[in-house]
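Chain by chain, the residues:
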Amino acid sequence: MAEPIKILLQTTIPTTENDWSIFRFSMLQEYLASIQDEAGNFLFTVVARDRISDAEGNDPILGSLDQSDFDELWLFALDVGDGLTAKDIAGINAFRQRGGGILTTRDHQDMGCSMCDLIDIGEIHYFNSKNPDPDQSRWCRDDPYTTYISWPNYHSGANGDYQQITVVEPIHELLKNPNSPSGVIEFFPAHPHEGGIGIPSSNPKAQVIALGKSLITGRDFNLIVAVDHYQDAQGNNLGRTVATSSFHHFVDYNWDITKGCPSFVDEPPGNGMKNEPRAVEDIKTYVRNLALWLAKKA
């Protein structure tokens, strides 16, 4: 029997009761830990933690991630610029250079902009004040309701509702769902202000594999970008990486609003995820696909 794939679920903020700390991703953690193969063997071992700073301000795990036994890093970048130190970034980059798989996700405006120096990842994520979308027509507010949040902030729906996504041809294996009538994942959790992502012009291995649509402007936005293995100039076989436009695709509140949210969330929620079982099945299928895909070596 193969050893379980070891996944680190990690936020870039310290543990804070009234924030999106890692305890608010409990359903994701529990689901990943429950997945078994046909023989009943558990496929994944999951460690979930918030950022911790040592005496020098570095995270003791991220700063030496390449020396760990983790196979994957799922990075929930919830900071606004101070979530990763130079040593943390070096550790994450070295982890990917040794073949580790990485999921990165953030949210609106400048949330997660501490990732800007991560290989490929820093170019994939578009922020308001750093690495803005090269399409300047997108430098405008999409969500008009939460006025203290600026672009990028695509309004795909209320927290607790689902959005119908567009799968980009050819269909990527991350988005296949044999239990869906269409054979693909159709639904993702919605969010009032998702962030921006795109394809670095320097990386032919990167591809947009799914789109969302704003309920306000009707504008499409990139929902998922995937980067396959490739060899860098130094001969390192880089691990796969995936970027999604919002961490709300994975957080408890957006799978089940009864799990609650921080007090600063003031948008009224919906109940679409509760009323449409296929939406819950789709996001769980995506999570399973993602965990398996990121672990595959070159």
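Here, the structure is the one placed above.
Residues numbered from 1 in each chain as written. Predicted model: local features only at pLDDT ≥ 70, side-chain atom pairs only at ≥ 80, totals over all residues. Heavy atoms only, no water.

## Overview of the overall build of the protein chain
For step 1, the next point in the chain: Along the backbone of the protein chain there are six helices and 14 strands.
For step 2, the next point in the chain: Its C-alpha atoms give the protein chain a radius of gyration of 18 Å, near enough to 19 Å, the size a compact globule of 298 residues would have.
For step 3, the next point in the chain: Reported as C-alpha extents along the three principal axes, the dimensions of the protein chain are approximately 45 × 45 × 40 Å.
For step 4, the next point in the chain: Pairs at least 24 apart in sequence give 71% of the contacts found in the protein chain among residues at least 6 apart.
For step 5, the next point in the chain: When the accessible area of the protein chain is evaluated, it comes to approximately 12300 Å², of which 50% is carbon and sulfur surface.
For step 6, the next point in the chain: The centroid of the 23 positive side-chain charges in the protein chain is displaced by 3 Å from the centroid of its 41 negative side-chain charges. (Helix = DSSP H or I, 4+ residues; strand = E, 2+ residues; numbered from the N terminus. Rg over C-alpha atoms; globule rule 2.2 N^0.38 Å. Contact = heavy atoms within 4.5 Å. Areas by Shrake-Rupley, 256 points an atom, 1.4 Å probe, with all protein chains shown as cover. Lys, Arg positive; Asp, Glu negative; His and termini not counted. Charge placed at Lys NZ, Arg CZ, Asp CG, Glu CD.)

## Some points on the environment of Ser202
For step 1, the next point in the chain: Mapped onto the fold, Ser202 is located in the loop between strand S9 (196-197) and strand S10 (206-213).
For step 2, the next point in the chain: Here the alpha-carbon distance between Ser202 and Glu123, two residues 79 residues apart in the chain, equals 9.3 Å.

## As for the pattern of salt bridges
For step 1, the next point in the chain: Enumeration over the complete set of coordinates arrives at ten salt bridges.
For step 2, the next point in the chain: The partner of Arg96 in a salt bridge is Asp120, with the nearest N and O atoms 2.8 Å apart. Note that Arg96 is positioned in helix H2 (residues 86-97) and Asp120 in the loop between strand S4 (101-105) and helix H3 (121-124), a separation of 24 residues in sequence.
For step 3, the next point in the chain: Accessibility expressed as a relative area gives 6% for Asp120, which makes it buried.
For step 4, the next point in the chain: With a closest N to O distance of 3.6 Å, Arg138 and Asp135 form a salt bridge.
For step 5, the next point in the chain: When its relative accessible area of 33% is taken as the criterion, Asp135 is described as partly exposed. (Salt bridge = Lys/Arg side-chain N within 4 Å of Asp/Glu carboxyl O. Buried < 20%, exposed > 50% of the residue type's maximum accessible area, 1.4 Å probe, protein only.)

## Topic: the sheet that holds strand S3 (residues 72-76)
For step 1, the next point in the chain: Strand order in the open sheet formed by eight strands is S2-S1-S3-S4-S14-S11-S10-S7, and the pairing between neighbours is mixed. Looking at which strands have only one partner, the edges of the open sheet turn out to be strand S2 (44-49) and strand S7 (166-167).
For step 2, the next point in the chain: Pairing of S7 with S10 involves two bridges; the strand directions are antiparallel. Looking across to S10, one finds that Val167 is bridged to Ala210. (Pairing = 2+ DSSP bridges.)

## Observations concerning unusual backbone geometry
For step 1, the next point in the chain: Here the bond from Trp151 into Pro152 is cis, since omega is -10°, no more than 30 degrees from zero.
For step 2, the next point in the chain: Topologically, Pro152 is positioned in the loop between strand S5 (125-126) and strand S6 (162-164).
For step 3, the next point in the chain: For the bond from Glu169 to Pro170, the omega torsion is -5°, close enough to zero to count as cis.
For step 4, the next point in the chain: Its location among the elements puts Pro170 in the loop between S7 and strand S8 (187-189).
For step 5, the next point in the chain: Positive phi, close to 65°, is recorded for Asp120, a residue that is not glycine.
For step 6, the next point in the chain: One non-glycine residue with positive phi stands out, namely Asn131, at about 40°.
For step 7, the next point in the chain: Here Asn131 lies in the loop between S5 and S6.

## Concerning the packing of aromatic side chains
For step 1, the next point in the chain: This structure, assessed with the given rule, holds eleven aromatic pairs.
For step 2, the next point in the chain: Judged by centre distance (6.4 Å) and plane angle (40°), the rings of Trp20 and Tyr253 are tilted. Highlighted residues: Trp20 in the loop between strand S1 (5-11) and helix H1 (26-34) and Tyr253 in helix H4 (residues 252-255), separated in sequence by 233 residues.
For step 3, the next point in the chain: Aromatic side chains Phe250 and Tyr286 sit 6.4 Å apart centroid to centroid with 35° between the ring planes, which places their arrangement in the tilted category. Of this pair, Phe250 sits in the loop between strand S14 (241-244) and H4 while Tyr286 sits in helix H6 (residues 277-295); the two residues are 36 residues apart in sequence, bridging distant segments of the chain. We note that Phe250, like Tyr286, is buried.
For step 4, the next point in the chain: Following the ring pairs from residue to residue traces out a cluster consisting of Trp20, Phe25, Trp74, Phe76, Phe188, Phe247, Phe250, Tyr253 and Tyr286.
For step 5, the next point in the chain: When the ring centre of Phe70 is taken as reference, the NZ or CZ atom of Lys6 above it lies at 4.9 Å. (Phe/Tyr/Trp six-rings, centres within 6.5 Å; stacked < 30°, edge-to-face > 60°. Lys NZ or Arg CZ within 6 Å of the ring centre and 35° of its normal.)

## A short note on the nonpolar core
For step 1, the next point in the chain: Among the nonpolar cores identified, the biggest contains 51 residues, and Leu28, Leu32, Trp74, Phe76, Val242, Phe250 and Tyr286 are the most heavily contacted of them.
For step 2, the next point in the chain: Looking at this core element by element, the count peaks at nine residues for H6.
For step 3, the next point in the chain: When neighbours within four sequence positions are excluded, Trp74 is seen to be in contact with Ile7, Leu8, Leu9, Gln10, Leu28, Leu32, Leu103, Phe250, Val287, Leu290, Ala291 and Leu294.
For step 4, the next point in the chain: Leu75, Ile92, Phe95 and Ile121 belong to the second largest nonpolar core, which has 15 residues in total. (Core = buried A, V, L, I, M, F, W, Y, C linked by side-chain atoms within 4.5 Å.)

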